[in-house]
Amino acid sequence: MNSPILQLLVLAGIAIFLVLRLRSVLGTREGFEKPPAPAPSETRSNRAGFEVIEGGPDHDIVDHVPEGSDAADALAAMKKAEPSFSVSEFLSGARGAYEMILMGFENGKVEDLKPFLADDVYETFEEVVAQREEQGLTIEATFIGVRELSLADASYDETSGLAEITVRYMAELTSVVKNAEGEVVEGSATAVKRQKDVWTYARTMGASDPNWQLVATDE
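Predicted model, so just to flag it, every value in this text is computed and none were measured.

With 20 residues, helix α5 (residues 87-106) extends 28 Å from end C-alpha to end C-alpha; this agrees with the ideal 28 Å at 1.5 Å per step. Listing the buried residues of α5 in full gives Val87, Phe90, Leu91, Ala94, Ala97, Tyr98, Ile101, Leu102, Met103, Gly104, Phe105 and Glu106. A distance of 3.5 Å separates the backbone nitrogen of Ser88 from a side-chain oxygen at the start of α5, and that oxygen is part of Ser86. At the C-terminal side of α5, Gly108 shows a positive phi close to 75°.

Our next topic: the pattern of salt bridges. For the structure on display, the rule yields 6 salt bridges. Across the salt bridge formed by Lys79 and Asp60, the nearest N and O atoms sit 2.8 Å from each other. Pair noted here: Lys79 is in helix α4 (residues 70-81) and Asp60 is in helix α3 (residues 59-62), with a separation of 19 residues, a long-range link. Of the two residues, Lys79 and Asp60, both sit in the buried class. A salt bridge links Lys178 to Glu140; the nearest nitrogen and oxygen atoms lie 3.3 Å apart. Of this pair, Lys178 sits in strand β2 (residues 162-178) while Glu140 sits in strand β1 (residues 138-157), placing them 38 residues apart in sequence. Residues participating in the shared-partner salt-bridge network are Asp58, Asp60 and Lys79.

Given a relative accessible area of 16%, Asp60 falls into the buried group. For Asp60, the side chain forms a polar contact with the side chain of Ser88, separated by 2.9 Å. The contact partners of Asp60, leaving out residues within four places of it in the chain, are Lys79, Phe85, Ser86, Val87 and Ser88.

What follows deals with the sheet that holds β2. One open sheet accounts for 4 strands, arranged β1-β2-β3-β4; its pairing is antiparallel. One side of each edge strand has no neighbouring strand; the edge strands of this open sheet are β1 and β4 (213-218). In this sheet, adjacent strand axes meet at a mean angle of 25° when their direction is disregarded. Two elements, β2 and strand β3 (residues 184-204), share 16 bridges in a ladder whose sense is antiparallel. Of the residues in β3, the one forming a bridge with Glu164 is Ala202. Lying over the sheet, α4 contacts β1 and β2, oriented at roughly 90° with respect to β1.

Before going further, it helps to spend a moment on the confidence of the model for the protein. The predicted coordinates of low-pLDDT regions are not to be read in fine detail. Overall, the prediction assigns the protein a mean pLDDT of 83, with 75% of residues at 70 or greater. Per-element averaging of pLDDT across the protein places helix α2 (residues 40-48) at the bottom with 43 and α4 at the top with 98. Between residues 17-53, whose pLDDT stays under 50, and residues either more than four places distant or in other chains, the model counts 3 contacts.

We now examine a negative patch on the surface. Together, Glu111, Asp112, Asp119, Asp120, Glu123, Glu126 and Glu127 make up a region of like negative charge exposed at the surface. Residue position: Asp119 is located in helix α6 (residues 119-134). The exposure class assigned to Asp119 is exposed, which follows from its relative accessible area of 58%.

Reading guide: rules and limits
Residues numbered from 1 in each chain as written. Predicted model: local features only at pLDDT ≥ 70, side-chain atom pairs only at ≥ 80, totals over all residues. Heavy atoms only, no water. Helix = DSSP H or I, 4+ residues; strand = E, 2+ residues; numbered from the N terminus. Expected span 1.5 Å × (residues − 1). Buried < 20%, exposed > 50% of the residue type's maximum accessible area, 1.4 Å probe, protein only. Polar contact = N/O pair within 3.5 Å; in protein donor to acceptor, adjacent residues only side chain to side chain. Salt bridge = Lys/Arg side-chain N within 4 Å of Asp/Glu carboxyl O. Contact = heavy atoms within 4.5 Å. Pairing = 2+ DSSP bridges. Axes fitted to C-alpha atoms, helices over the stretch in contact; angles between N-to-C directions. pLDDT = per-residue confidence, 0-100. Patch = residues over 30% accessible without salt bridge, like charges linked within 9 Å, V, L, I, M, F, W, Y side chains within 5 Å. Areas by Shrake-Rupley, 256 points an atom, 1.4 Å probe, with all protein chains shown as cover. Lys, Arg positive; Asp, Glu negative; His and termini not counted. Charge placed at Lys NZ, Arg CZ, Asp CG, Glu CD.

Quick look at the structure:
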């Protein structure tokens, strides 16, 4: 065997030996590997952009009333007195309460509404329904929906814990008034009318009864 060929074989054997030794020490790079951990300074820099700033505005309040207004302060006091209270959830409930109370009144079934009405509001509703019955009038109404709803005002008495929230509504419905003979004397079964109301609800914060009562109505 020529000397150059022998030298090449020896060098090739040494190279193969070194490669095998390196693989046994360093291992192989196969599959998904964890990325290298960032330097501590880089981690702190990235996290700084995601830190929550404490003491910022409560969007459950400022999404409905101006920040710093008397209404906003009253709502904040309500939430302090009863941490589980949510303005957004209240307004969602006020939407359903409006339909329930309005349609109960239109259909003359105010006795079902008594738990949700203040005594003077209940008495007023009851008198109106009684007058209708005396005149032989009935109302056939269909509620279409609340088109607009907004929180108009709020107040809170820290001494008594009494909270009041005023809600402005604009709803659509059809309403027909019929006499004792079944003749239409007012309204239309097909014409949609818009009705605007401003209702005030009240409740003692922290009370075991979760229901708010309608204490005042206006237009």
